[in-house]
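Summary of structural features
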Amino acid sequence: MFNKKGKPENQEDIAKKNEVEPENVKDHKELENPDEKETGSLENGIDEEQTDLGMDDPDELDAAAAKPKKKLPNWVIIVVIAVLVGASVIGSKAFGGGSKKDTSTALNVIKVEKGNVKETINTSGTVQSDTTKIVYSPVNAKVIVSNVKVGKAVKAGDKLIQFDTTTLEQDNQQSQLSLQAANQSNQEAYDAANKAASAQIKAANEAAQSACDAANQLADAVDAQGVAVNQAWSDYNNAVTALDDAESSVLSDEQKQQLDKDKDELYGTKIPNDPEGKRNQDGWKNEKNGVYTEKYNLLDAKIVAADDAVQAARFDKASSQTDIEQKEKDLAEAKRIKDETDARIKELEAEIASIEGLISGQIAAAQATSDAVYAKAQAEQATYDAMYSQWESAYQAAQNVNGNVDTSSTGVTASQKTQMEMSSNAAELAAMTAQQLVEAGRAGLSADFDGVISEVSAAVGTQATQGAPMYTVVDMNHLNVQLEVSTNDYGKYQVGKTASIKIGSNTYDGIVSNVNAMATSNVKGNPVVIVNVKINNPDGNIVIGGTAKVSMNVAEAKNVICVPTEVINTSASGEFVYMIENGKVKKVPVTVGVASDTKVEVTEGLSEGNQVVSDTVADITEGMDATPAETSSK
């Protein structure tokens, strides 16, 4: 008996359906499949025979088994099993001659080899010109000849439009007369102004000369005063030297040394009885009022501290008489030091006053002379400064007078001059413009380059307006093919890559000249990147706006592992191939590289010599039994 998958049920299932206890079935296990070791499992030998045995619908058996049944004798069960085993053996011999049936599928395979792969893009685009020029009318004139027609090919230098210049020439004659009249009027004005300006220039020159003479006279006086100033300062320097000499000449060397010694002691870097030098001269001496505040404060502080120590010792019960007496001795010593210091200061001050008194008279006299000479020098300097200031003013006045003298002046004011220049320029421009218009009208319009007329806006007999479009021409020597490339593929197009371009029956060389940096939407609303492929060798057989087929090699790999395109399968997890391993189909993930229409480079997953399933007819699933039907390379 078989379940829904066609596999034999176990003995326990059979016993349940026949309401036979499992232990009763154990005695008959040896009858299940005596040939199993030789013929294989029932699954492999009988699976495909289910329909032949008339058990297409196992559900009917299940339904029947669900109904209450009487227990069958054991001998009946044995007979049923024997019948099934006999049928199995007969079927096995009929299909396999008594051996296990081979159910594996023969699949075509190929041998992985190395080769060259070249990826080529084939697409199409629209032919267009690099240059499209709209030609405008240079004049207001009637068109008398027109050689332009939509679609007509023109060569550089071809005469395309001719104008009627009758009106332009009349306008030119009138403008020439206007220019002559303007120039004549301006010349007369200039002549009259020049005559008046000559008199003004003469008077200005005379005034400038007078100002210069006055400045020069003051300059002489300033120079003389400068000599007096220099002499006064020289006299002062001499007086200062005499003052220094007076102080040094009165005293003997011994007196000078004593004076310096007394000053050093009085104003020195150390305070008396201050061996550590904690007080410098700045702290000891107050030079402005002669009060030696720091000294007195220091000594007074010592006396106060000693006195406080005596009082504290007297009131401190713990102090001994010896301590009190010592503190009193310290107080007496501090007072003695202060008295000695005061006496020494008075002694030093007396000596300094005595020595300085010797020179005070002579120094006072020399100082008075020095002060008088200094005052005179100051007065001379002030006089010089005042005279110099007067000279500067006179010099600046002379400069101003000279600066205001314009010997090139024509007597015409700036406003008048500007007005005359504007009038003359306007007339000249009008005459020039009229002449240029005549020349432009006579020249007409010619083709600037080889091209094709794409649009015509003016015809013979019409009145052309200056600046209005006449026709449009596209350049035929500089053409490109415009491609609309998917945003997924634009990275394959690189500026400088060569291409083959086919237009009609002709083939041209091309090169990628531009890849837009921004995507746009095409007519279907899909994002695309515009790529331009320049046509290197255009000729007259190319039609602007026509379709061109572009072929381009975008990648190439040489001597690499590659397989036919059809053996590569794709799933949500990536690309893979099928291989047969130990009689089973195995899915092998691969990484692909450069791909052509027929071959694909495999960068990871395969090695040279591997056999890959190439069968495109069989229904292949991973894990199925399979054998290589053929080994070949493609």
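A few points on the structure. All of these numbers come straight from a predicted model, not from anything done at the bench.

**Some thoughts on the packing of aromatic side chains**
- Inspection of every chain in the model, using the stated rule, returns 5 aromatic pairs.
- Ring geometry for Y388 versus W391: centroids 5.6 Å apart, planes at 40 degrees, classification tilted. With a gap of 3 residues between them, Y388 and W391 both fall in helix α11 (residues 321–404), about one helical turn apart.
- On the basis of relative accessible area, W391 is assigned to the partly exposed category, the value being 21%.
- Ring geometry for F576 against Y578: centres 5.3 Å apart, planes inclined by 80 degrees, an arrangement best described as edge-to-face.
- Classification of F576 by relative accessible area gives buried; the value is 7%.
- One aromatic cluster is present, built from ring pairs that chain together Y384, Y388, W391 and Y395.
- For the cation-ring pair, K587 lies above F576, with the distance from its terminal atom to the ring centre recorded as 4.6 Å.

**Thoughts on unusual backbone geometry**
- Despite not being glycine, N559 shows a phi value in the positive range, around 55 degrees.
- Judged by its relative accessible area of 53%, N559 is exposed.
- Within the chain, N582 stands out as a residue other than glycine whose phi angle is a positive 55 degrees.
- Mapped onto the elements, N582 comes out in the loop between β18 (574–581) and β19 (584–589).

**What to know about the pattern of salt bridges**
- Across all of its chains, the model carries 7 salt bridges by this definition.
- Taking the shortest distance from any N to any O, the salt bridge between D450 and K155 comes out at 4.0 Å. One end of the pair, D450, is in the loop between β7 (445–446) and β8 (451–456); the other, K155, is in the loop between β5 (153–154) and β6 (159–163), with 295 residues separating them in the sequence.
- Note that E581 and K586 form a salt bridge whose closest N and O atoms lie 3.7 Å from each other.
- Judged by its relative accessible area of 42%, E581 falls in the partly exposed class.

Basis of the calculations
Residues numbered from 1 in each chain as written. Predicted model: local features only at pLDDT ≥ 70, side-chain atom pairs only at ≥ 80, totals over all residues. Heavy atoms only, no water. Phe/Tyr/Trp six-rings, centres within 6.5 Å; stacked < 30°, edge-to-face > 60°. Helix = DSSP H or I, 4+ residues; strand = E, 2+ residues; numbered from the N terminus. Buried < 20%, exposed > 50% of the residue type's maximum accessible area, 1.4 Å probe, protein only. Lys NZ or Arg CZ within 6 Å of the ring centre and 35° of its normal. Salt bridge = Lys/Arg side-chain N within 4 Å of Asp/Glu carboxyl O.

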